[in-house]
6 protein chains.
Amino acid sequence: MKLAVYPGSFDPLTNGHVDIIERGTHLFDKIIVAILVNVEKAPLFTMQERVEIVREVFKESPNVEVDVFDGLLVDYVTRRKADVIVRGLRALSDFEAEFQMALMNRRLGPKIETVFMMPAEQYTYISSRLIKEVFSLGGQVRGLVPAIVESRLKDKQLKKGNANVS
Amino acid sequence: MKLAVYPGSFDPLTNGHVDIIERGTHLFDKIIVAILVNVEKAPLFTMQERVEIVREVFKESPNVEVDVFDGLLVDYVTRRKADVIVRGLRALSDFEAEFQMALMNRRLGPKIETVFMMPAEQYTYISSRLIKEVFSLGGQVRGLVPAIVESRLKDKQLKKGNANVS
Amino acid sequence: MKLAVYPGSFDPLTNGHVDIIERGTHLFDKIIVAILVNVEKAPLFTMQERVEIVREVFKESPNVEVDVFDGLLVDYVTRRKADVIVRGLRALSDFEAEFQMALMNRRLGPKIETVFMMPAEQYTYISSRLIKEVFSLGGQVRGLVPAIVESRLKDKQLKKGNANVS
Amino acid sequence: MKLAVYPGSFDPLTNGHVDIIERGTHLFDKIIVAILVNVEKAPLFTMQERVEIVREVFKESPNVEVDVFDGLLVDYVTRRKADVIVRGLRALSDFEAEFQMALMNRRLGPKIETVFMMPAEQYTYISSRLIKEVFSLGGQVRGLVPAIVESRLKDKQLKKGNANVS
Amino acid sequence: MKLAVYPGSFDPLTNGHVDIIERGTHLFDKIIVAILVNVEKAPLFTMQERVEIVREVFKESPNVEVDVFDGLLVDYVTRRKADVIVRGLRALSDFEAEFQMALMNRRLGPKIETVFMMPAEQYTYISSRLIKEVFSLGGQVRGLVPAIVESRLKDKQLKKGNANVS
Amino acid sequence: MKLAVYPGSFDPLTNGHVDIIERGTHLFDKIIVAILVNVEKAPLFTMQERVEIVREVFKESPNVEVDVFDGLLVDYVTRRKADVIVRGLRALSDFEAEFQMALMNRRLGPKIETVFMMPAEQYTYISSRLIKEVFSLGGQVRGLVPAIVESRLKDKQLKKGNANVS
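Source: prediction; values computed, not measured.

(A) Structural context of the overall build of chain A. Within chain A, the regular secondary structure consists of 6 helices and 5 strands. Along chain A, from the amino end to the carboxyl end, the secondary structure elements read β-α-β-α-β-α-β-α-β-α-α. At 16 Å, chain A has a C-alpha radius of gyration in line with the 15 Å of a compact globule built from 166 residues. Along the first, second and third principal axes, the C-alpha set of chain A runs to 55 × 30 × 30 Å. Evaluated residue by residue, chain A yields a buried proportion of 57% over its 166 residues. Roughly 7,500 Å² of accessible area belongs to chain A as shown, and the carbon and sulfur atoms make up 51% of that amount. Within chain A, the 22 negative side-chain charges are centred at a point lying 2 Å from the centre of the 23 positive side-chain charges.

Laid out in structure tokens, this is it:
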């Protein structure tokens, strides 16, 4: 049984992430979507919300698990007895940072392999950062994120709007 | 059981290829090293020699199989009932050609996934073409190719030398 | 009135080319699809066939013209009294060769501007070379080229097959 | 009549920007230099100053207009009834971010086209950020920015100096 | 006598830096390791510590000097009557920023040349930033930095730990 | 005394090459312009002509020497007791092939260092191949190559023309 970890911030989960996770389930027996506790950055969605979103989107997929981690990724992967780290490669600009990280991870955990997968080409230009930016400027994100993310983004906007007027 | 195909010309097999094959055996149940019958290019090693070399190097690895294919890669992968194509990414210059090919292959065979793996960093500058060029100019290739490839390269040189003097 | 030249080999015309030409007609008053007479390479389609294909595909578009040129592109553009060269940028690997060529063209014809346009993302992995390769190996090219190109590719294959058996 | 929007921060306008604007006037009937109201970053020049600088540099060019926008770029372009977004591509590092943004803009506003233009090669290494950094360290920026920008940079330095001693 | 300047933040010195400095001493009569006083970023190591570390590592190398500079690099290089700036190129992602900076420096100081050198391939994935990140998460950095850096990193951690419990 | 080798085909010498050679003479005591005997490609200029051109252009530069080599570059560099290989980096597309070659050369000759230098930005788009292509199509190459190269290109064209009519 091959167990894969797909790490990231998922703030929020995009259709590009969903595509990689689904593709990963065809190759590995189980995929753990491992959400990084990043203490430095101020996330838009809380860790709890991000866990709920992934759980909701993959509620029909028994071989997708959601988890949270902090510290070194290779320590987490080792602890979970996983075999492989899965990363999506959308574009060349991802490539070198991903390569550098993968080589460092190989040094820190030589038995753990990193594999890179490609999302469908219609998702190559989607990133969580761009989704948040477009949404905050009033742009349409339908089709770029799961329905639950679109709905939660609107909730946040509403609350923020209410906060502003109160 | 997950079956992977690692396609290429392998003219000759390098230590970079060997590294990717070994890494692949940790992730998949079986790796088929699929040597492309490329009718256009004049190879240095015959198909028979290339098959023998891979067989020799992996004679202790029951989950590495050698095979030969022509035609479309996705047709071969489908025929073999394999799940995934494995490709090594040494450097950025590989990246776009590999991406373009992988997207085309996904279109031609939507159920087949391509995963990219990194060889160890000491092999990033090795390619079959460079090996042949360096060897033909009298350079040392020990450590860059398996011992059997080094020995066969020397045999070829000797024969060629004899042909020249006769 | 702004006149644009879209130069290339178009051997054969792909849906990526068609997309760029259509986008160009929204920006410029007229687009000349200028097919390069490349004496060195052996094309699959004759110049006459390539002209017919472009003409057929754009028969309803009065502001798309087909022409043939040899010699320096900037001399042709000057002769045609055009203002701008249009080039499609599919991917980063196109980028530098295109840039180098555009800077040389600017030196040779300082009044002529080059603009780069992006095809729709589903065409980023299509090139004439790849189309020919996939087709020759028996792969499906429907959706990647105009219908007339698919039909003409099949005619060529049939003739070649007949030639082989005769 | 074709109307183009050239968006950016222009903090400050460089000779690279000036070059792209001039080239754009040869291709389109009018260029709107659209300065982004970026509430997050602390600009060196106020929006008012940036508008004055562009207006001064192009005071003899009736087909160059200066404007200010916030919100989504495609909403602004639609409101202005423009046809095309012009972007300068100085170098490969610009390429992917620009591509990603252009694909997102195409999704948000399918009728709006993005075209990329090259500045003259002597401007490829100029960016507003680098100009500010070099000037703040006492370096010479003559020839890299319009005269009015150089003069305003000196005014700012003087004021800051006075503030420091008072 | 040819004098070279190797500028950087060196926060901290890595084995990749050490490799470039040693290679530089084979090409130039003297290498000045010039540590940039970067007032904006909060460094992990004080300037004094960074100077001590370089001095300790190269205490047996009479042709390596450590110095500190602020302001424009070319002004510093001119003041030191040096001939050349040495920069390490680890990867393509370094390339364009380095090129842009080198072209700007050539404009600011036309007599000063920049040369690029490659570290050994095992150091291509090391950066000061990544070292700090891995160490702070509890990862092993032995072999990636000189022994004195590893030891000082541990001292810092200890102090921070004590501060936390006190 | 530091001796540098600048290897290449120089078919023909361009102003980009001249620029790198001149810059190299400021850094090293002597530069050997080492012309590769490439038996496979059909050069435009004979080896004798290429040697004469470099000699003519640098006749006033006592620290520029012209030489011819075949076989492995590192063997030649060792035989000449040189310390360093100089390579020009015009653009990113050069970068990876150059890097790969430099790493292989370092393996084959660990004591020989490769340094990369940048030509002036007006030469970034010049290559010997592009010069030959532009000239053969009737384009102006003045300012891109030394005067002697322009004159010899015209001689070749004249002879070819005469051959055609006879």
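Further notes follow.
(B) Highlighting the interface of chain B and chain C. If you look at the interface, chain B gives 9 residues, while chain C gives 18 residues. Summed over the shared surface of chain B and chain C, the number is 0 salt bridges. Across the chain B-chain C interface, the total number found is 1 residue pair in polar contact (both at pLDDT 80 or more).

(C) Fine view of the packing of aromatic side chains. All names here are of chain C. A full pass over the atoms with the stated rule returns 21 aromatic pairs over all chains. Residues Tyr6 and Phe10 carry aromatic rings whose centres are separated by 5.4 Å and whose planes lie at 65° to one another, so their mutual orientation is edge-to-face. Here Tyr6 and Phe10 have matching classes, each one buried.

(D) Looking closely at the relation of the copies chain B and chain C. When chain B is brought onto chain C, the operation consists of a screw motion whose angular component is 120° and whose axial shift is 0.0 Å, with 0.0 Å RMSD remaining. The two molecules are tied by a three-fold rotation axis, judged by turn and shift.

(E) Local environment of the relation of the copies chain B and chain A. Once chain B is rotated about the relating axis by 180° and shifted along it by 0.0 Å, it coincides with chain A to within an RMSD of 0.0 Å. Both chain copies can therefore be described as sitting about a two-fold axis. Considering only C-alpha atoms, the part of chain B nearest the rotation axis is Phe116 of chain B, at 2.4 Å. Interface residue correspondence from chain B to chain A reaches 100%, placing this contact among same-surface, isologous pairings.

(F) Representation of the sheet that holds strand S5 (residues 113-117) of chain B. One open sheet accounts for 10 strands, arranged S3(A)-S2(A)-S1(A)-S4(A)-S5(A)-S5(B)-S4(B)-S1(B)-S2(B)-S3(B); its pairing is mixed. Each edge of the sheet is formed by a strand with only one pairing partner; in this case those strands are strand S3 (64-69) of chain A together with strand S3 (64-69) of chain B. Along the sheet, successive strands turn relative to each other by an average axial angle of 35°, direction set aside. Pairing of strand S4 (residues 84-88) of chain A with strand S5 (residues 113-117) of chain A involves 5 bridges; the strand directions are parallel. Considered in S5 of chain A, the bridge of Gly88 of chain A is made with Met117 of chain A. Packing of helix H2 (residues 47-57) of chain A onto the sheet brings it into contact with strand S2 (30-36) and S3 of chain A, and relative to S2 of chain A it is tilted by some 160°.

(G) Structural detail: the arrangement of the chains. Of all C-alpha pairs spanning chain C and chain E, none lies closer than 13 Å, and the two are not in contact. At the level of C-alpha atoms, the two units chain A and chain F stay apart, their nearest approach being 13 Å.

(H) Structural view of the side chain of Glu150 of chain E. Within the secondary structure, Glu150 of chain E is located in helix H6 (residues 147-165). For Glu150 of chain E, the contacting residues outside a window of four places in its chain are Gln140, Val141, Arg142 and Val145 of chain E.

(I) Looking closely at the pairing of strand S2 (residues 30-36) of chain B. Residues and elements named next belong to chain B. Most of S2 sits out of view: 5 of its 7 residues are buried. Remark: the strand S1 (residues 3-8)/helix H1 (residues 15-27)/S2 crossover connection has right-handed handedness. Note that S2 and S3 share 6 bridges and pair parallel. When the sheet's bridge partners are listed, Leu36 is paired in S3 with Phe69.

Cut-offs applied
Residues numbered from 1 in each chain as written. Chains lettered and ligands numbered in written order. Predicted model: local features only at pLDDT ≥ 70, side-chain atom pairs only at ≥ 80, totals over all residues. Heavy atoms only, no water. Helix = DSSP H or I, 4+ residues; strand = E, 2+ residues; numbered from the N terminus. Rg over C-alpha atoms; globule rule 2.2 N^0.38 Å. Buried < 20%, exposed > 50% of the residue type's maximum accessible area, 1.4 Å probe, protein only. Areas by Shrake-Rupley, 256 points an atom, 1.4 Å probe, with all protein chains shown as cover. Lys, Arg positive; Asp, Glu negative; His and termini not counted. Charge placed at Lys NZ, Arg CZ, Asp CG, Glu CD. Contact = heavy atoms within 4.5 Å. Salt bridge = Lys/Arg side-chain N within 4 Å of Asp/Glu carboxyl O. Polar contact = N/O pair within 3.5 Å; in protein donor to acceptor, adjacent residues only side chain to side chain. Phe/Tyr/Trp six-rings, centres within 6.5 Å; stacked < 30°, edge-to-face > 60°. Least-squares fit on C-alpha atoms with pLDDT ≥ 70 in both. Pairing = 2+ DSSP bridges. Axes fitted to C-alpha atoms, helices over the stretch in contact; angles between N-to-C directions. Right-handed = clockwise from strand over helix to strand, strands pointing away.

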